[in-house]
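# Structural overview for review
The lines below spell out each chain.
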Amino acid sequence: MFESLSDRLGSVFEKLRGKGALEEKDVNEALREVRVALLEADVALPVAKDFIAKVKERAVGAEVLRSVTPGQQVVKIVHDALIDMLGGGDDAEGAALSFATTPPAVLMMVGLQGSGKTTSTAKIALRLTKRDKKKVLMASLDTRRPAAMEQLAILGEQAEVKTLPIIEGQSPADIANRAVEAGRLGGFDVVMLDTAGRLSIDEQLMAEIADVAAATNPIETLLVVDALTGQDAVETATRFKERVPVSGIVMTRIDGDARGGAALSMRAVTGAPIKFVGVGEKLDALDTFEPERMAGRILGMGDVVSLVEKASEEMDIAKAKKQAKKMAKGEFDMNDLADQFRQMRKMGGMGAILGMMPGMGKMKKMVDSAGGLDDREIVRQEAIISSMTKKERKNPKLMNASRKKRVAAGSGTTVQEINKLIKAHRQMADMMKKMGKGGMKGMAQQLAGMGGGGLGGMLGGAPDPAMLEAAGGGNKGKKGQGAEDVDFDAIEKALSGQAPMPPGMGLPGMGKKK
């Protein structure tokens, strides 16, 4: 959603960083481009003007222009202003939901029809159940839309969250009262009320929501808006907030290709914080909205905290430790590679992982241009490994020509693809062994000396000569050469998130596709 904005801002700041000294006209020119980028991203005009005014006030000061790294200083100022615009800063309300009341705490979901209220209700309920260990009851108050109550009941079964039994003929206020009473008697911590929507805001809808709010006294009223509607989402939020005490926004379909102006304008225009964002169709595809992290992603600084959180959720720690010991010894078989693929797929593929790592924006583009290790590509690699026998997975050296033909037929792939996978596995096993012996430097030496393959080898990629030249100091990618000239300290800082990756360096085999 923020890709085009991120690219535009990245090119602006690259020019600033390239200048040793900055004058006021340089800053003004850069801010003019930033303003255009914000407007093209569908940010509301008053919000964009206010943003530029704040940045300019701080960026043209003598302290910044005369500093050792003026370009970096301006980037930091923009980063801080972006956090404020998204709803961060010292005075920001927390994204966490409030449960400071006698159980059950009532959460009311409001919004227009088709914005994703029912699905978002189930997503939040699942999150509260799994992460916060809350006992949740969901109830549908939508008596108008056909099968709305049945939809919530089915989602409840999928998420393993209790739903209120359906009784025909009751009014929304009666259902809400029954839900709160059932929650109290059943010992539930949270009762979630999924209210009805309309195609547009009308008096009847507002009156119905007001009746439900008066009957249940919700501790949180969450407005669900569709990010794909752009500035209409901001307008909807403004009109709802005038009539209903909205405590937070849930923005759905933020994984789409709409421009990100609605998310950037929402807090500034409505005053209500964005609490959750829907990042996919699955029930677990819901993230809390963290302004600091989102600003970091937009400016290409990565989001290591989210990456670590995602990894800790998806990884089996005991299994990971066991694999790490094996890898250090160079015992990295096809079963281990299949496990790595499964973990990568759970975390959204390599593109998603690189997108959260500091200074890896260009590397992500290289992966995408090489075909990208997306879900489909990863599944193909898993299919190849699954078509091997237990002995072949344990010892890939057994794979002769006839065995490769059999595996190709069984997995719906070609012998060439199997050769690439085996070659990539062998190089990764060597890399793991080097890491076990020499830590980051061992790995960097392996990357620089690698002739081709790695994960990119599976995609038919070849190492980028520019990458190998940058890594090896002029050896132009000759196999096994140039490792002694690599700036290991720079790479180690980049891998730990302290600095951007040196130009041209990255994963093996992630060059352009042949």
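Here we summarise the structure given alongside this text. From a predicted model like this one, the values you see are computed outputs, not experimental measurements.

## Some thoughts on the environment of arginine 127
Relative to the helices and strands, arginine 127 is located in helix 6 (residues 117–130). A C-alpha to C-alpha distance of 9.4 Å links arginine 127 and alanine 159, two positions 32 residues apart in sequence. With sequence-adjacent residues up to four places away left out, arginine 127 is seen in contact with Asp132, Phe276, Leu286, Asp287 and Thr288.

## Digging into the sheet that holds strand 1 (residues 105–111)
On the basis of which strands lie adjacent, the open sheet formed by eight strands has the order 3-2-4-1-5-6-7-8 and mixed pairing. Looking at the sheet topology across the chains shown, the edges are occupied by strand 3 (162–163) and strand 8 (286–288). Examined bridge by bridge, strand 1 and strand 5 (residues 220–226) share five bridges and lie parallel to one another. Across the sheet, residue glycine 111 finds its bridge partner in strand 5, namely valine 224. Seen against the sheet, helix 8 (residues 172–185) touches strand 1, strand 2 (136–140) and strand 4 (190–194) and runs at an angle of roughly 165° to strand 2. Running at roughly 175° to strand 1, helix 9 (residues 203–216) makes contact with strand 1 and strand 4 of the sheet.

## A short note on the packing of aromatic side chains
The final tally for this structure, using the stated rule, is zero aromatic pairs. When the ring centre of phenylalanine 99 is taken as reference, the NZ or CZ atom of lysine 134 above it lies at 4.8 Å. If you follow lysine 135 out to its NZ or CZ, it ends over the ring of phenylalanine 188, 4.7 Å from the centre.

## Some words on unusual backbone geometry
Each neighbour pair has its own omega, and for proline 103 with proline 104 the value is 0°, a cis peptide bond. Look at alanine 147: it is not a glycine, yet its phi comes out positive at around 65°. In this structure, alanine 147 sits in the loop between strand 2 and helix 7 (148–159). Its relative accessible area of 47% is what places alanine 147 among the partly exposed residues. Here arginine 253, not a glycine, exhibits a phi torsion of approximately 55°, which is positive. Within the secondary structure, arginine 253 sits in the loop between strand 6 (248–252) and helix 11 (261–270). A residue is classified by how much of its surface remains accessible, and arginine 253, at 42% relative accessible area, is partly exposed.

## Looking at the environment of leucine 185
Relative to the helices and strands, leucine 185 resides in helix 8. Judged by its relative accessible area of 69%, leucine 185 is exposed. C-alpha of leucine 185 to C-alpha of proline 104: the two residues are 81 residues apart in sequence and 9.6 Å apart in space.

## A look at the pattern of salt bridges
Tallied over the full model, the rule gives 18 salt bridges. Between glutamate 203 and arginine 243 there is a salt bridge, and its shortest N-O distance comes to 2.8 Å. Here the residue glutamate 203 occupies a position in helix 9, and arginine 243 occupies one in helix 10 (residues 231–243), the gap between them amounting to 40 residues.

## Notes on the packing of helix 5 (residues 70–86) against helix 12 (residues 291–298)
Taken N-terminus to C-terminus, the directions of helix 5 and helix 12 make an angle of 130°; their axes are 9 Å apart at the nearest point. Looking at the two axes, helix 5 sits oblique to helix 12. The chirality of how helix 5 crosses helix 12 is right-handed. Of helix 12, the residues touching helix 5 (which contributes His79, Leu82, Ile83 and Leu86) are Pro291, Glu292, Met294, Ala295, Gly296 and Ile298. Classifying every residue of the contact of helix 5 with helix 12 gives seven nonpolar, two polar and one charged.

## What to know about the nonpolar core
Side chains of nonpolar character tend, in soluble globular proteins, to be buried together. Grouped together as the largest cluster of nonpolar side chains are 77 residues, with contacts concentrated most on Phe51 and Phe240. The greatest single-element share of this core, amounting to nine residues, is contributed by helix 5. Once you skip the residues sitting within four places of it in the chain, phenylalanine 51 turns out to touch Val34, Leu38, Val78, Ala81, Leu82 and Met85. Leu107, Val161, Val250 and Leu286 belong to the second largest nonpolar core, which has 22 residues in total.

## Things to note about the pairing of strand 7 (residues 274–278)
Of all the five residues making up strand 7, five are buried; the element is thus mostly covered by neighbouring parts of the structure. Where strand 6 and strand 7 come together, three bridges link them in parallel fashion. By the bridge assignment for strand 7, methionine 251 is matched with valine 277. Following the chain from strand 6 across helix 11 to the adjacent parallel strand 7, one finds a crossover that is right-handed. Both strand 7 and strand 8 contribute to a ladder of three bridges, which runs antiparallel.

Here is what the cut-offs are and how they apply
- Residues numbered from 1 in each chain as written.
- Predicted model: local features only at pLDDT ≥ 70, side-chain atom pairs only at ≥ 80, totals over all residues.
- Heavy atoms only, no water.
- Helix = DSSP H or I, 4+ residues; strand = E, 2+ residues; numbered from the N terminus.
- Contact = heavy atoms within 4.5 Å.
- Pairing = 2+ DSSP bridges.
- Axes fitted to C-alpha atoms, helices over the stretch in contact; angles between N-to-C directions.
- Phe/Tyr/Trp six-rings, centres within 6.5 Å; stacked < 30°, edge-to-face > 60°.
- Lys NZ or Arg CZ within 6 Å of the ring centre and 35° of its normal.
- Buried < 20%, exposed > 50% of the residue type's maximum accessible area, 1.4 Å probe, protein only.
- Salt bridge = Lys/Arg side-chain N within 4 Å of Asp/Glu carboxyl O.
- Parallel < 35°, antiparallel > 145°, perpendicular 65-115°, else oblique.
- Left-handed = near helix turned anticlockwise from the far one by under 90°.
- Nonpolar A, V, L, I, M, F, W, Y, C, P; charged D, E, K, R; others polar.
- Core = buried A, V, L, I, M, F, W, Y, C linked by side-chain atoms within 4.5 Å.
- Right-handed = clockwise from strand over helix to strand, strands pointing away.

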